[in-house]
Structures are given as C-alpha cells and as structure tokens.
Amino acid sequence: MYKDKKVIHIICAGKNGEIGYDNKLLFNLPPDMKFFREQTLGHVVLMGRKTIESLPSPLDRRVVVEVSNRCNFGSLPRDNLEWSLRKSERHSDLLNTDKIFVAGGAKLFESTFDITDELWITEVANDVDNCDTWYKIPKDDFTMFEHTNWMEHTNPLGETLTYRFTKWVRFE
C-alpha cells in the first residue's frame, strides 16, 4: 500500500517474463488491451517517459502520471519517483479511487516492487524471438492468487497467441 492506495502492476509478459523489444510491446493481443482499458479507466496510471512516448495515442479517461529522470522545471527534481507517486496519490484522491496502476517500463516496475500490492499479469505462452526487456516476478514476495484458463486469440497480424490473465498478491 502506498498511503491507503493499492498499487497494482498491470502488464503483459511472455512465459519467461519477456515484455519488450526496442521500446515496443512484444504482443499484439487485443483482449489484453481491452482488459487494460477496462481496468484502468477512471484511475491513475503511472508510466515511465519512454513507455508514454511509445503509445500510439494518449490514454483517454485516465490520469497518466509520468516518471522520468529528466527535470521539466529548471533544476527542480519534479519528475522523480517520489514526486510522481505523491502526484498519483493526489489524483487518485480527486478521482475518489483506491488504486494506482503501474504500467511500465521495466525500471519503474523494479522501482515500485516494494510498495506494490498486486500484480495483474497477462501471461503469453508463445515463444519470443526478440526481447531486450524483462519483468521478473519477485516470487519470494508474491503468490498467484487467481488465473483464467488458457485461451487463444488470432491477432490482426495472423499470429495465434495463447494467453491467460493472472493476479498475484503480496504475502502478508
């Protein structure tokens, strides 16, 4: 928990934790995109600068808070993680929600594991050819709480992907 807010990592990952290549998502999986949209609408989504820049369009009906190493206002460290978390908390209060979603990239996921309550992972069972970014679940801290059955979807590129939705919770 971060100041009475549930912090949730929401991510799509391959069977070995693969999440990206060349600052792009690995999987074109419309059911995952639909899940992401449905779960994050009306909430705060915390994202790294590069992840935001990789989006094809802005996320509507959500407050997106950027975390970056760059400073936007002179020498003030306004975009560091703690400042972004406080900003997320304030926006979450204004939206009257109890969740803050973390949606990448890898450095942001790693930096927020210590305050994360749940991991919502769309697991893809297919092999991955190219990957330069991974998501490593700290299995000493989290356990799988629930999952759907494996499903298949043929995406617009003609690839058939096998996937399931999982939720992991932090050990108490």
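Look up a bit, the structure's there.
Here's a quick rundown of the structure. Throughout this document, residue positions are counted from 1 along each chain, in the order its sequence is written. Per-residue local features of the predicted model are confined to residues with pLDDT of at least 70, and side-chain atom pairs are confined, for both listing and counting, to 80 or more; whole-chain, interface and lining totals are unaffected and use all residues. Note: side-chain values were computed over all heavy atoms of the structure, leaving out hydrogens and water.

## Things to note about the overall build of the chain
The cut-off we apply is this: Strands here mean DSSP runs of E at least two residues long; helices mean DSSP runs of H or I at least four residues long; both are numbered from the N terminus. Here the radius of gyration uses the C-alpha set of atoms, whereas the globule reference equals 2.2 Å times the residue count to the power 0.38. Burial classification: accessible surface area is computed with a 1.4 Å probe over protein chains only, and a residue below 20% of its type maximum counts as buried, one above 50% as exposed, and the rest as partly exposed. Contacts are assigned to residue pairs with any non-hydrogen atoms lying within 4.5 Å of each other. In this description, accessible areas are obtained by the Shrake-Rupley approach with a 1.4 Å probe, and a residue is regarded as covered only by the protein chains that are shown. Think of it this way: Lys and Arg go in the positive column, Asp and Glu in the negative one, and His and the chain ends go nowhere. Lysine's charge is taken at NZ, arginine's at CZ, aspartate's at CG and glutamate's at CD.
Counting its regular elements, the chain contains 4 helices and 11 strands. For a compact globule of 172 residues, the expected C-alpha radius of gyration is about 16 Å, and the chain comes in at 16 Å, within 12% of that figure. The buried share among the 172 residues of the chain stands at 42%. Across the chain, the fraction of contacts at a sequence separation of at least 24, relative to all contacts at a separation of at least 6, is 66%. Surface exposure of the chain reaches about 9,900 Å², of which carbon and sulfur atoms provide 49%. Across the chain, 23 positive and 27 negative side-chain charges occur, with their mean positions spaced 5 Å apart.

## Structural notes on the packing of aromatic side chains
Which entries qualify depends on this criterion: Think of it this way: a Phe, Tyr or Trp ring, Trp meaning its six-membered ring, pairs with another when their centres are within 6.5 Å, and the plane angle makes it stacked under 30 degrees, edge-to-face over 60, tilted otherwise.
What the rule picks out here adds up to 7 aromatic pairs. A ring pair is formed by F35 and W120, whose centres lie 6.3 Å apart and whose planes are at 55°; its orientation type is tilted. A residue pair is termed long-range when its members are at least 10 positions apart, and F35 in helix α1 (residues 30-40) and W120 in strand β7 (residues 118-124) qualify at 85 residues. Each member of the pair, F35 as well as W120, carries the same accessibility label: buried. Note on F113 and F142: the rings are 6.4 Å apart at their centroids and 55° apart in plane angle, and the pair reads as tilted. Separated by 29 residues along the polypeptide, F113 in the loop between α4 (106-112) and β7 and F142 in strand β9 (residues 142-147) bring together distant segments of the chain.

## So, the sheet that holds strand β2 (residues 18-21)
Test applied: A pair of strands is considered paired only if DSSP assigns at least 2 bridges between the two.
Reading across the sheet, the 3 strands line up as β3-β2-β8 and stay open at both edges, with antiparallel pairing between neighbours. Edge positions in the sheet fall to β3 (24-25) and β8 (133-134), since each of these pairs with one other strand and no more.

## Some details on helix α3 (residues 81-95)
Selection rule: Helices are assigned an expected span. That span is 1.5 Å times one less than the residue count.
Across its 15 residues, α3 extends 21 Å between first and last C-alpha, which sits within 8% of the 21 Å expected from 1.5 Å per residue. What α3 keeps buried is the set W83, S84, L85, S88, E89 and S92. Residues of α3 that are buried in the fold lie against β4 (44-48), β5 (63-67) and β6 (99-102). N96 lies just past α3 and shows a positive phi near 60°.

## Some remarks on the pairing of β2
Direction of pairing for β2 relative to β8: antiparallel, over a ladder of 2 bridges. In the strand pairing of β8, E18 is matched with W134. Sheet topology places β2 next to β3; 2 bridges connect them, and they run antiparallel. Bridged to Y21 within β3 is K24. Here β2 folds back onto β3 in antiparallel fashion, the turn holding 2 residues, of which D22 has a positive phi close to 55°.

## A short note on the pattern of salt bridges
The following threshold applies: The salt bridge criterion pairs a side-chain nitrogen of Lys or Arg with a carboxyl oxygen of Asp or Glu, the two atoms within 4 Å.
Tallied over the entire structure, the rule returns 12 salt bridges. K5 is the partner of D93 in a salt bridge, and the nearest nitrogen-oxygen pair spans 2.7 Å. Of this pair, D93 sits in helix α3 while K5 sits in the segment before β1 (6-14); the two residues are 88 residues apart in sequence, bridging distant segments of the chain. Residue classification places K5 among the buried positions, given a relative accessible area of 6%. Across the pair K6 and E118 runs a salt bridge whose closest N-O atoms are separated by 3.1 Å. In this pair, K6 sits in strand β1 while E118 sits in strand β7, placing the two residues 112 residues apart along the sequence. Several salt bridges share partner residues, and in doing so they unite R37, D60 and R62 into one network.

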